[in-house]
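# Fold and contact review
Take a look at the letters that make up each chain.
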Amino acid sequence: MDLDRSCLDLMIRLLELDQDQGGGNGADSTVQFSAKEIAKIKEKIRKLCDTVHNKHLDLQNITTGHLAMETLLSLTSKRAGDWFKEELRLLGGLDHIVDKVKECVDNLNQEDDKEKLVSSLWGAERCLRVLESVTVHNPENQSYLIAYKDSLLIISSAKALRRCEEMIQRYSREVKSDRAAVGKAVEDCMRAIIGVLLNLTHDNEWGSTKTGEQEDLIVTALNCVLKVPQYLPQEQRFDIRVLLFLQRERAAVLAEAQTDDLIKEAPKAALDQSGEWQETGGEIQWVANDNDSDKQDEGKKNKNDEEDEELDLNKALQHAGKHMEDSIVASYTALLLGCLCQGSPMNVTTVRENLPKGDFSIMTEMLKKFLNFMNLTCDVGTTGQKSISRVIDYLEHC
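- The name an unreviewed UniProt entry gives the protein is WAPL cohesin release factor, with Oreochromis niloticus as the organism.
- In its Sequence similarities (unreviewed entry) section, the UniProt entry covering the protein states "Belongs to the WAPL family."

## Quick notes on the nonpolar core
- In this structure, Leu72, Leu88, Leu121, Leu128, Leu131, Leu153 and Ile193 are the most contacted members of the largest nonpolar core, which totals 57 residues.
- Ranked by residue count, the leading element in this core is helix 9 (residues 180-201), at 12 residues.
- With 18 residues, the next largest nonpolar core counts Ala334, Leu367, Leu371 and Ile392 among its residues.

## Some words on a nonpolar patch on the surface
- On the surface, Ile218, Leu222 and Leu226 cluster together into a nonpolar patch covering about 330 Å² of accessible area.
- Along the chain, Leu222 turns up in helix 11 (residues 217-226).

## So, a positive patch on the surface
- On the surface, a cluster of positive charge is contributed by Lys36, Lys40, Lys44 and Lys47.
- Checked against the element boundaries, Lys44 lands in helix 2 (residues 35-50).

## Let's talk about the packing of helix 6 (residues 114-135) against helix 7 (residues 139-147)
- For the pair helix 6 and helix 7, the least separation of the axes is 8 Å and the interaxial angle reads 135°. On the basis of the axis angle, helix 6 is oblique to helix 7. Seen from helix 6, the contacting residues are Leu131, Val134 and Thr135; seen from helix 7, they are Asn141, Gln142 and Leu145.
- Along the lines of polarity and charge, the residues of the contact of helix 6 with helix 7 split into three nonpolar, three polar and no charged.

## Quick notes on the confidence of the model for the protein
- Summarising the model, the protein shows a mean pLDDT of 75, and 65% of its residues fall at 70 or more.
- Across the protein, element-level confidence peaks in helix 7 with a mean pLDDT of 96 and bottoms out in helix 13 (residues 249-264) with 35.
- For the stretch residues 246-272, pLDDT sits under 50, and the model shows 30 contacts to residues farther than four places along the chain or on other chains.
- Across residues 281-285 the pLDDT falls below 50, and counting only partners more than four positions away or on other chains, this stretch makes 13 contacts in the model.

Procedures and definitions
Residues numbered from 1 in each chain as written. Predicted model: local features only at pLDDT ≥ 70, side-chain atom pairs only at ≥ 80, totals over all residues. Heavy atoms only, no water. UniProt positions renumbered as here; feature names shortened; annotations may be inferred. Core = buried A, V, L, I, M, F, W, Y, C linked by side-chain atoms within 4.5 Å. Buried < 20%, exposed > 50% of the residue type's maximum accessible area, 1.4 Å probe, protein only. Helix = DSSP H or I, 4+ residues; strand = E, 2+ residues; numbered from the N terminus. Patch = residues over 30% accessible without salt bridge, like charges linked within 9 Å, V, L, I, M, F, W, Y side chains within 5 Å. Areas by Shrake-Rupley, 256 points an atom, 1.4 Å probe, with all protein chains shown as cover. Salt bridge = Lys/Arg side-chain N within 4 Å of Asp/Glu carboxyl O. Lys, Arg positive; Asp, Glu negative; His and termini not counted. Charge placed at Lys NZ, Arg CZ, Asp CG, Glu CD. Axes fitted to C-alpha atoms, helices over the stretch in contact; angles between N-to-C directions. Parallel < 35°, antiparallel > 145°, perpendicular 65-115°, else oblique. Contact = heavy atoms within 4.5 Å. Nonpolar A, V, L, I, M, F, W, Y, C, P; charged D, E, K, R; others polar. pLDDT = per-residue confidence, 0-100.

The following block contains the structure:
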């Protein structure tokens with residue numbers, strides 16, 4: 001469910017009340033409870049919390065602020081409308097969430113207690129997911145978060161990304177299964193960080209400048225692209241690479257959704273006995289039979305042939321999916337290199353020296369295919385498409 005304004009206002013006031021009372025340790029001057037009464041109240045709250053099955057609730061830390069923050073994060077969803085995004089900013093909710101991100105990130109150095117480490121990673125991720133949601137196509141929230149406490153969110157996000165990039169090697173689910181819980185939390189947190197940074201830097205010179213100023217961020221980002229994927233489960237590697245390359249997250253979500261639909265809704269055609277799927281030259285192709293002599297053996301195949309045919313078709317579809325993933329990563333790599341070449345003759349020379357025959361056509365052809373794909377899946381004339389067109393035009397005149 002989503003929040004209405006009155007509930008949102010109440011929770012933020014409760015957060016402020018808890019802050020004024022030192023995290024719930026202070027006492028109201030007009031209402032005094034004995035230790036026994038407080039213990040009784042907390043026990044009732046614990047019993048209520050047990051009924052909601054929220055794994056993030058710390059039942060040993062029953063304070064007004066903790067409950068208010070958990071409620072805010074639990075009831076917030078990506079379906080929240082523009083009114084919610086605006087009210088969250090105007091009522092001061094964004095301030096509390098950013099402060100919570102900083103608190104969680106500051107605790108990422110404490111690796112001795114794995115349970116607390118996972119809790120901090122989860123906490124940061126959940127807060128960042130909310131911030132990611134409320135900054136999509138919302139320049140007001142983007143500007144507010146970039147400015148808040150001298151770019152505290154960007155500073156904390158950059159710091160968290162560095163920590164995650166370091167930890168993913170030690171807690172890789174691919175290498176050490178006994179540390180899977182930490183590895184999964186690190187992966188999820190990393191994706192949430194990248195999502196927020198994408199929103200704050202997309203078409204935003206101020207956000208891009210502030211982000212680029214962060215210590216070692218460029219090196220960290222390159223490590224995430226080139227090194228981190230090997231420590232991730234195979235099915236996650238494409239996602240993390242694309243997130244790091246993306247100019248527009250929404251375009252990627254749309255493209256991925258439509259691609260999945262095409263695969264899921266593929267019609268089941270009647271089995272064709274005129275040829276077979278064969279892997280040749282690194283591609284899966286349908287090769288027709290040279291003659292009809294095999295027809296004599298049709299009665300002996302039946303079920304086995306059908307099963308083999310399904311396996312071949314699945315293999316072809318998997319190959320097509322992998323080919324598409326490779327094409328998208330290659331396109332974003334070409335786009336990144338093209339951006340680096342603009343206005344820099346030295347970079348143009350460096351890139352040309354590492355291209356086959358020193359020819360930029362291999363990059364422009366890939367970008368043109370990608371642009372055509374974006375034109376099919378996105379609104380024509382968006383900023384991302386204009387950026388690709390500019391890079392293509394620049395490279396064609398190099």
